[in-house]
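Here is how the chains run, residue by residue.
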Amino acid sequence: MSRIGRLPVAIPEGVTVTVAEGNKVTVKGPKGTLERVLPTEVAIKVEDGHVVVTRPNDLKKMKSLHGLTRTLISNMVTGVHTGFTKVLEVNGVGYRCSKSGKKLTLNLGYSHPVEMEDPEGVEAVVEGNKITVKGIDKEKVGQYAAEIRDKRRPEPYKGKGIKYETEVIRRKVGKTGKK
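Numbering of residues begins from 1 in every chain and follows the order in which that chain's sequence is written. Totals for whole chains, interfaces and linings use every residue, but because this is a predicted model, local features are given only for residues with pLDDT of at least 70 and side-chain atom pairs only at 80 or more, for both listing and counting. Neither water nor hydrogens contribute to the side-chain values; these are computed over all heavy atoms in the structure.

Before going further, it helps to examine the pattern of salt bridges. Here a salt bridge means any side-chain nitrogen of Lys or Arg lying within 4 Å of a carboxyl oxygen belonging to Asp or Glu. A complete count under the given rule lists 11 salt bridges for this structure. Between Lys-99 and Asp-118 there is a salt bridge, with its nearest N and O atoms 2.5 Å apart. Separated by 19 residues along the polypeptide, Lys-99 in strand S8 (residues 96–100) and Asp-118 in the loop between strand S10 (114–117) and strand S11 (122–127) bring together distant segments of the chain. Burial classification: accessible surface area is computed with a 1.4 Å probe over protein chains only, and a residue below 20% of its type maximum counts as buried, one above 50% as exposed, and the rest as partly exposed. Residue Asp-118 is classed as buried on the basis of its relative accessible area of 5%. Notably, a salt bridge pairs Glu-115 with Lys-103, separated by 3.8 Å at the nearest N-O pair. Of the two residues, Glu-115 is situated in strand S10 and Lys-103 in strand S9 (residues 103–107); the sequence distance between them amounts to 12 residues. For Glu-115, a relative accessible area of 49% translates into the label partly exposed. Its relative accessible area of 33% is what places Lys-103 among the partly exposed residues. Helix and strand assignments come from DSSP, with helices taken as H or I runs of at least 4 residues and strands as E runs of at least 2, each series counted from the N terminus.

Bringing the sheet that holds strand S2 (residues 16–20) into the picture now. Sheet strands line up and pair through hydrogen bonds in the backbone, either parallel or antiparallel. In short, DSSP must find at least two bridges between two strands for them to pair. On the basis of which strands lie adjacent, the open sheet formed by three strands has the order S2-S3-S4 and antiparallel pairing. A single partner strand is all that each edge strand has here, and the edge strands are S2 and strand S4 (32–37). Sheet twist, expressed as the mean angle between neighbouring strand axes with direction ignored, is 15°. Against the sheet, helix H1 (residues 60–81) contacts S2, strand S3 (24–29) and S4, and its axis sits at roughly 165° relative to S4. Between N-to-C directions, angles cover 0 to 180 degrees, with each direction set by a line fitted to C-alpha atoms, over the stretch in contact for helices. Residue contacts are counted whenever heavy atoms from the two residues lie within 4.5 Å of one another.

Turning to the side chain of Arg-55, a few remarks are in order. By secondary structure assignment, the location of Arg-55 is in the loop between strand S6 (50–54) and H1. For the purposes of these results, a polar contact is taken to be a pair of N or O atoms within 3.5 Å, where, inside protein, one atom must be able to donate a hydrogen and its partner to accept one; residues adjacent in sequence count only when each atom of the pair is a side-chain atom. Of the polar contacts made by the side chain of Arg-55, one reaches the backbone oxygen of Asn-57; its length is 3.3 Å. Reaching out from Arg-55, the side chain makes a polar contact with the side chain of His-66 at a distance of 3.0 Å.

With five bridges connecting them, S8 and S9 associate as antiparallel partners. Looking at the pairing, Ser-98 lines up with Thr-105 of S9. Where S8 folds back onto S9 in an antiparallel hairpin, the turn is made up of two residues, including Gly-101, whose phi is positive at roughly 65°. Relative to S10, S9 is paired through four bridges, and the arrangement is antiparallel. What sits directly across from Leu-104, in S10, is Met-116. Count of turn residues in the S9/S10 antiparallel hairpin: six residues, of which Gly-109 carries a positive phi of about 85°.

Shown next as structure tokens:
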């Protein structure tokens, strides 16, 4: 039995989960609504405040789909109830970030400022040298945060660039002088 897949997903107060034909799961909550079509091989049932995911047999594909389906439903429930955030830090002399409307402007040592538009359902908030990416869809929040980080990844010598708040950069020793 899948260790993750067999755990029931608790539905918090104020959240409704409906499973339509073809395993189309709709989750409504205080932060918004998420819809997703999940694999039809697994059975999804809503029972007394929990979502239970079961698989028909023990084939390798079914085992992997079992855990995946349960985690996707869990992320949808968490997203509409509390939401997801990712925090990025901009480090480096002259590296700045600013926000106007839906446009995020990054000055990262290039000859031009890098401008990014917030995707639908995701919002970036700038406070000093920190960028907080918020949203209800975990996949979109993570993707947008990764795209921002890719504009200037942290380098190992001085640690300049955009990094996740929890990320640890492995530092390297620079050149040594001739004796």
